[in-house]
Amino acid sequence: MVNIVTLVKQSPDVEAVRIGPNGAPDLSAAGLKVSDYDKNAVEAAVQLKEKNAGTKVFALSLGGAKLEESVKEVLAMGCDEAVMLTDAAFAHTDTAEKARLLALAVKKMGNVDLVIAAEESLDSHSGQTGPRVAEELGWPLVAYVTDNLRLEGKTLKAEREVDEGIEEVEVALPAVITVLESLNTPRLPALMQILQAKNKPKRTFSAADLGAGEIKPTLARPKSEAPKSDRKGIMLPNDNLEAAAEELAKALAKEGVI
Amino acid sequence: MANAIVWAPEPRQAFEIIAKTKELGLTPVVLHVGAGDAQAYIQHGAAKVLVAEQPNLKDIQAGPMTDALADAVKQVDAKAVFLSGGRRGKEIAPRLGVKLRAGVVTLAQKARSENGKLVFERMFLGGKTLATEVPQTDIAIATFPARLFEPLPANPSVKGEVAKLAGDVRESKVKVVAKKPRKESGVNLEAAPIVVGAGRGFKSKDDLKLAFDLAATLGGQVGCSRPLATDLGWLTDEYWIGLSGKEVKPKVYIAAGISGQIQHTTGIRNSKLIVAVNTNKDAPIFKMADYGIVGDLYKVLPALNNAVKKQKGA
């Protein structure tokens, strides 16, 4: 009997974010979605459930008023229950405080053996949440899992990819792991699963429920704007591609790069 | 001047960060794990080296490394910790952030000192923006991508202090059973002076020969966008350039049949020159190109290959 918590972030759809005339991002038209890579984490959890009888998968998510829309998606993928952290006090958290809150929720849920997170999120990609949750819980971390993820009783085994190559590792649960996209291909739920997801149990915790205390971000983010392009933007005439290629080769030689 | 702890698994990356640390007006103190030449850091500008010989650090796993870095901070009363932005640094920095209650900026593209605070910029919103991030804590932690900074030239006559790292570090609960190389090796995209990036414009795996031929003529390497490494599986992850893949900064990046999704362009943004070849004149890649040709890569790449050969012969 293993209880798995997958961390699920609701993120702006970054490809749809427009950049305004002053360089500031306009998120109003972008919409919200499950951070793509989190679906690899959910897929990993659901596959472990399929191979290990008695395993239960929880989706844990911190977010705003529309959080349930994203949570339903991962319930349809095979998570059994959802725990949502919503509170007006969470509007001004940073990655560090979110990780602390997620860890408090894992403790409150109790009997959790394994936390699975994506290596990074779609919008912030700081890669901090998984490692921070591990340290908050005092649990070991297996980051960058790419292959052969499996459970043998209460021991987790996996291959992870680090700077120098691949490490085969094992760890006694409880533990936190982060997964890379190459681990699996997230499933597309069938209509029946989407319909069933509506009836799966959902719980909501507030800051008070978690005993969160004062929320104090460690980072300020005073500015976020599109980097200015200082590229030349020279378009070569394309009526004769051989001539264009020769012109390009000459330009590159003149730049001193070939 | 306040001390900053520097650690990277590769000495060259530590040298790069030492140079930046000094530019920020901080005193670089390097944590060195295991055997090796501690004086090399000093010759590249470190004021002091703390050598960690604790056996629990043997596999440089995140748990014990977090303790070692926290001990190093304590030992020299450091106000900042700068780590390499590779996978090792990226798993350690957030854990150290929890342990020291410190703000962490991962993969900072820029850093400066402003009114006594460290100010960083990093890619945000999937690469659409650069966000300015300022740690609000007594200690600031950051990781930097490799090759962002130039190391200082080595000065063999400089001598500095080498001390032992004091303190115990936890035993790693994660056991490394085996280590093996990646499935494919020999591709070192980050070091390649010229990179030819292949995207969805290629119709089959065999056609990638066009990119490899051009790269060979230019003395460069081939890289690819996300779908070629993931969905299509034509190339391994080692070739994958982008937000979730490698970041390259060659002298010339030639984007062939790449539309320019943010996921990819974040990995090429620091290239000196960007060349784009695409049949779609509205492809976003042209907006960040120095030179662009609207045309079929199946014609342009062989023509460019010939033109480069001619140019080199000239």
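Residues numbered from 1 in each chain as written. Chains lettered and ligands numbered in written order. Predicted model: local features only at pLDDT ≥ 70, side-chain atom pairs only at ≥ 80, totals over all residues.

**Remarks on the interface of chain A and chain B**
For clarity, the threshold we go by: For every residue pair, C-beta atoms are placed from the backbone, and the pair is scored as a contact if these atoms sit within 7 Å. Numbered from the N terminus, helices here are DSSP runs of H or I no shorter than four residues, and strands are runs of E no shorter than two.
With 68 residues of chain A at the interface, the matching set in chain B holds 69 residues. For the side of chain A that touches chain B, the elements supplying multiple residues, two or more each, are helix H4 (129–137), strand S9 (141–152), strand S11 (165–172), strand S14 (219–225), strand S15 (234–236) and helix H7 (241–254) of chain A.

**Quick notes on the nonpolar core**
The test is simple: By definition, a nonpolar core groups buried Ala, Val, Leu, Ile, Met, Phe, Trp, Tyr and Cys residues that are joined through C-beta atoms within 7 Å. Counting other C-beta atoms within 10 Å of each residue's C-beta, where C-beta atoms are placed from the backbone, gives the exposure class: buried for 20 or more, exposed for 12 or fewer, partly exposed between.
One finds Val142(A), Ile5(B), Leu69(B) and Val81(B) to be the most contacted residues of the largest nonpolar core, which totals 129 residues. In terms of residue count, the dominant contributor to this core is helix H3 (residues 95–109) of chain A (eight residues). When near neighbours in sequence (up to four residues on either side) are disregarded, Ile5(B) contacts Val29(B), Leu31(B), Leu69(B), Ala72(B), Val73(B), Ala78(B) and Val81(B). Listed in part, the 56 residues of the second largest apolar core include Ile274(B), Val277(B), Ala289(B) and Leu297(B).

**With respect to the packing of H7(A) against helix H8 (residues 297–313) of chain B**
Quick reminder of the rule: Helix axes are fitted only over the stretch in contact, all axes being lines through C-alpha atoms; the angle between N-to-C directions runs from 0 to 180 degrees. What sets the label is the angle itself: under 35 degrees gives roughly parallel, over 145 gives roughly antiparallel, 65 to 115 gives roughly perpendicular, and the rest give oblique. The crossing is said to be left-handed when, going from far helix to near helix, the turn is anticlockwise and less than a right angle, and right-handed when the turn is clockwise. Residues were grouped as follows: Ala, Val, Leu, Ile, Met, Phe, Trp, Tyr, Cys and Pro as nonpolar; Asp, Glu, Lys and Arg as charged; and all remaining residues, including Gly, as polar.
Where H7(A) meets H8(B), the axes come as close as 8 Å, and the angle between the chain directions of the two elements is 45°. In this view, H7(A) runs oblique relative to H8(B), as classed from their interaxial angle. In this structure, H7(A) crosses over H8(B), and the sense of that crossing is right-handed. Two secondary-structure elements touch here, H7(A) through Leu241(A), Glu242(A), Ala245(A), Glu246(A), Leu248(A), Ala249(A), Lys250(A) and Ala253(A) and H8(B) through Lys299(B), Val300(B), Ala303(B), Leu304(B), Ala307(B), Val308(B) and Gln311(B). For the contact of H7(A) with H8(B), the residue count by class is 10 nonpolar, one polar and four charged.

**Remarks on helix H3 (residues 62–76) of chain B**
Residue and element names in this part refer to chain B. Operational definition: Expected helix span is computed as 1.5 Å times (number of residues minus one).
In this model H3 runs 21 Å from its N-terminal to its C-terminal C-alpha over 15 residues, within 8% of the 21 Å that 1.5 Å per residue would give. Three or more residues of H3 are buried, namely Ala62, Gly63, Pro64, Met65, Thr66, Asp67, Ala68, Leu69, Ala70, Ala72 and Val73. Just past H3, the residue Asp77 takes up positive phi, approximately 50°.

**What about the domain arrangement of chain A?**
Filter applied, for reference: Where each domain begins and ends is defined by an automated method or by a domain database.
Here the domain parsing of chain A yields domain 1 (3–210) and domain 2 (228–258). If you average the C-alpha positions of domain 1 of chain A and of domain 2 of chain A, the two centres end up 45 Å apart.

**Let's talk about the sheet that holds strand S2 (residues 27–33) of chain B**
Residues and elements named next belong to chain B. This is how it is decided: Paired strands, in this sense, are two strands between which DSSP finds at least two bridges.
Ordered by their spatial adjacency, seven strands build an open sheet running S5-S9-S4-S1-S2-S3-S10, and the pairing between neighbours is parallel. Among the strands making up the open sheet, the edge pair consists of strand S5 (103–105) and strand S10 (161–164). For this sheet, the mean inter-axis angle between neighbouring strands, taken without regard to orientation, is 20°. When strand S3 (residues 48–52) meets S10, the two strands line up parallel, connected through four bridges. The residue bridging Leu50 from the neighbouring strand is Ala163, located in S10.

**Quick look at the packing of H3(B) against helix H4 (residues 87–100) of chain B**
Residue and element names in this part refer to chain B. The N-to-C vectors of H3 and H4 enclose an angle of 55°; their axes lie 9 Å apart at closest approach. Here H3 is positioned oblique relative to H4, judged by the angle of their axes. Crossing geometry of H3 relative to H4 is assigned as right-handed. Residues Ala62, Met65, Thr66, Leu69, Ala70 and Val73 of H3 pack against Glu91, Ile92, Arg95, Leu96, Lys99 and Leu100 of H4. Among the residues forming the contact of H3 with H4, the class breakdown is eight nonpolar, one polar and three charged.

**What about the pairing of strand S6 (residues 56–62) of chain A?**
Residues and elements named next belong to chain A. Note the following rule: Whether a crossover is right-handed depends on one test, that the path from the first strand over the helix to the second runs clockwise when the strands point away from the viewer.
Counting buried residues in S6 gives six out of seven residues, a clear majority hidden from the surface. Examined bridge by bridge, strand S1 (residues 3–7) and S6 share five bridges and lie parallel to one another. Note on S6: the bridge partner recorded for Leu7 is Leu60. By the bridge criterion, five bridges tie S6 to strand S7 (residues 81–85) in an arrangement that is parallel. Bridge assignment links Ala59 to a residue of S7, and that residue is Ala82. Once the chain exits S6 it traverses helix H2 (residues 67–77) before rejoining the sheet at S7, and the crossover so formed is right-handed.

**What to know about the pairing of strand S9 (residues 140–144) of chain B**
Residue and element names in this part refer to chain B. Counting buried residues along S9, five of its five residues qualify, which places the element largely inside the surrounding structure. Side chains Ala140, Ala142 and Phe144 project from S9 onto one buried face, and the interleaved Ile141 and Thr143 project onto a second face that is buried too. With five bridges connecting them, strand S4 (residues 80–84) and S9 associate as parallel partners. Bridge assignment links Leu83 to a residue of S9, and that residue is Thr143. Across three bridges, the pairing between S5 and S9 is parallel. The residue bridging Gly103 from the neighbouring strand is Ala140, located in S9.

**Structural notes on the domain arrangement of chain B**
All names here are of chain B. Entries for chain B in the domain assignment read domain 1 (3–164) and domain 2 (189–313). The distance between the C-alpha centroids of domain 1 and domain 2 comes to 33 Å. Residue-level contacts link seven residues of domain 1 with eight residues of domain 2. Grouping the amino acids of the side of domain 1 that touches domain 2 by side-chain chemistry returns three nonpolar, two polar and two charged.

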